[in-house]
Amino acid sequence: MFRATWMIAAAFLLLTALTSAQTSSTTASSMASAATSAPAFDVNAAVETYLAKMSPAQRARSTAYFEGGYWLTLWDFLASAVVMWLLLQFGWSARMRNLSERITRFRPLQTALYWVQFILVTSILTFPLTIYEGYFREHKYGLLNQTFGAWMKDQVVGLAVSVVLGAILVVPLFGLVRKLGRSWWVAGAVLMIAFLAFVSLIAPVYIFPLFNTYTKLDDATVRDPILSMARANGIPAKDVYEFDASRQSNRVSANVSGFAQTLRISLNDNLLKRCTLPEIETTMGHEMGHYVLNHAYKGVVMMGVVMVIGFAFVNWGISFALARWGQRWGVQGIGDVAVLPLAVIVFSGYFFLMTPVNNTITRTMEYEADMYGLNSARQPDGEANVDLLLGEYRKMDPGSMEELIFFDHPSGRTRITAAMRWKAEHPETASPAEMARPFQSAQ
Ligand SMILES: [Zn+2]
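Below: a short report on this structure. (Residues numbered from 1 in each chain as written. Predicted model: local features only at pLDDT ≥ 70, side-chain atom pairs only at ≥ 80, totals over all residues. Heavy atoms only, no water.)

### A short note on the pattern of salt bridges
- Under the criterion given, the structure shown has 16 salt bridges.
- Residue Asp224 is joined to Arg223 by a salt bridge in which the shortest nitrogen-to-oxygen separation is 3.2 Å.
- Asp224 gets classed as partly exposed once you look at its relative accessible area, which sits at 37%.
- Here Arg223 falls in the partly exposed class, since its relative accessible area comes to 24%.
- Across the pair Arg437 and Glu279 runs a salt bridge whose closest N-O atoms are separated by 2.8 Å. Within this pair, whereas Arg437 is found in the segment after helix H19 (432-436), its partner Glu279 is found in helix H12 (residues 277-292), the two being separated by 158 residues in sequence.
- Each member of the salt-bridge network shares a partner with another, and the members are Glu48, Arg59, Asp397 and Arg413. (Salt bridge = Lys/Arg side-chain N within 4 Å of Asp/Glu carboxyl O. Buried < 20%, exposed > 50% of the residue type's maximum accessible area, 1.4 Å probe, protein only. Helix = DSSP H or I, 4+ residues; strand = E, 2+ residues; numbered from the N terminus.)

### What about the pairing of strand E2 (residues 240-243)?
- Of the pairings in the sheet, the one linking strand E1 (residues 214-216) to E2 comprises three bridges and is antiparallel in character. When the bridges of E2 are listed, Tyr214 appears paired with Phe243.
- Direction of pairing for E2 relative to strand E4 (residues 264-268): parallel, over a ladder of four bridges. Bridge pairing in E4 links Glu242 to Leu267. (Pairing = 2+ DSSP bridges.)

### Quick notes on the coordination of the zinc ion
- For the zinc ion, every protein donor is listed as His286 (NE2), His290 (NE2) and Glu366 (OE), and the spread of their distances is 1.9 to 2.1 Å.
- All donors of the zinc ion come from a single chain, and their spacing in sequence reads H-x3-H-x75-E. With a gap of 80 residues between them, His286 in helix H12 and Glu366 in helix H15 (residues 355-377) connect regions that are remote in the sequence. Accessibility classification places His286 together with Glu366 in one group, the buried group. (Donors = N, O, S within 2.8 Å, 3.2 Å for Na, K, Ca; no water.)

The following block contains the structure:
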């Protein structure tokens, strides 16, 4: 297991070295050269003008923050693998199962009780890394507004959500494994997809409000243009919601979340405070793009493919490891809930290796939503300014391989290039006021 871990670590190091050696302007210039029909407007020069609104110091800071995140992907995986190995090697997993079996004879409840112990123990053991990553590091870069107490409260609420949602997934999953044996993985992936759809249905109404307060947006000067765009784009929303993201950070964001009865358009108070109407409109156009282009459903289908392969891999990995060390760990088979730490090691290893694939799935949809936002809001300069704000925590100007591997959204350069390319074809939409607006960092 450790040899495999080191091989993955070495591959990761190699990748990082390769990507940082990439030149940064290749994607942008090749994309810009495709837009040649408006000679009066120089796309590349406009992109550079926007990028230069951010000072070198501001850009260095966001680059350092974002590149640190590459390493955290690795440390998170390794830390979790070590914790899971401890649970197996010292027989803790088997003991947690024995305790559950002493408390009740009802199997689904045994699984749920094991899950509660498992999530508590693993959360405590990985907590030092969680504090560094979620609290100290965020404060160091000026990205968190919370005191330790308020942050801790969010962590506890998050843990409670994991206990409940995890039990809803793990109990039927182990039921399936016990019924179907070795061929559990196809049905297991279907169950996983159904679970993800269920969570995205209930999240806007039952989960998000646990962390933030949602109120109806009353300001007609902002609400009415958004609702007009929603109507024009066939989105059945009657209200716009505002939520107090400034509780946690200064990051701007918005979403069109849920579906059917839980569909809602929400934007955060940072977006309202820090952005002009054209900037808000282009952001909402992007979010409406996700909705109209059915990104939630497409995402579920594509993640479904990733899951099926992942579960097949987990199935193989568990058989392999249990044949060798099952007895020592006190794990009786694939249907024994004490196998969970092993399943997590194999599954998170698979997801770690799939990082570029998963990022490319989301980044591609985000780029589509950018195109939709430009076409619906028609605010290319507002879009470029919002892309700069997002550059507070996302590297603006990566190499093309680096963007492919590590970026779950397009980089600032890619997005601003797309906006300026669109503007070159629609010169009448140019906004001198937006172009003149300086980049104001919240930090
Ligand atoms: Zn998006």
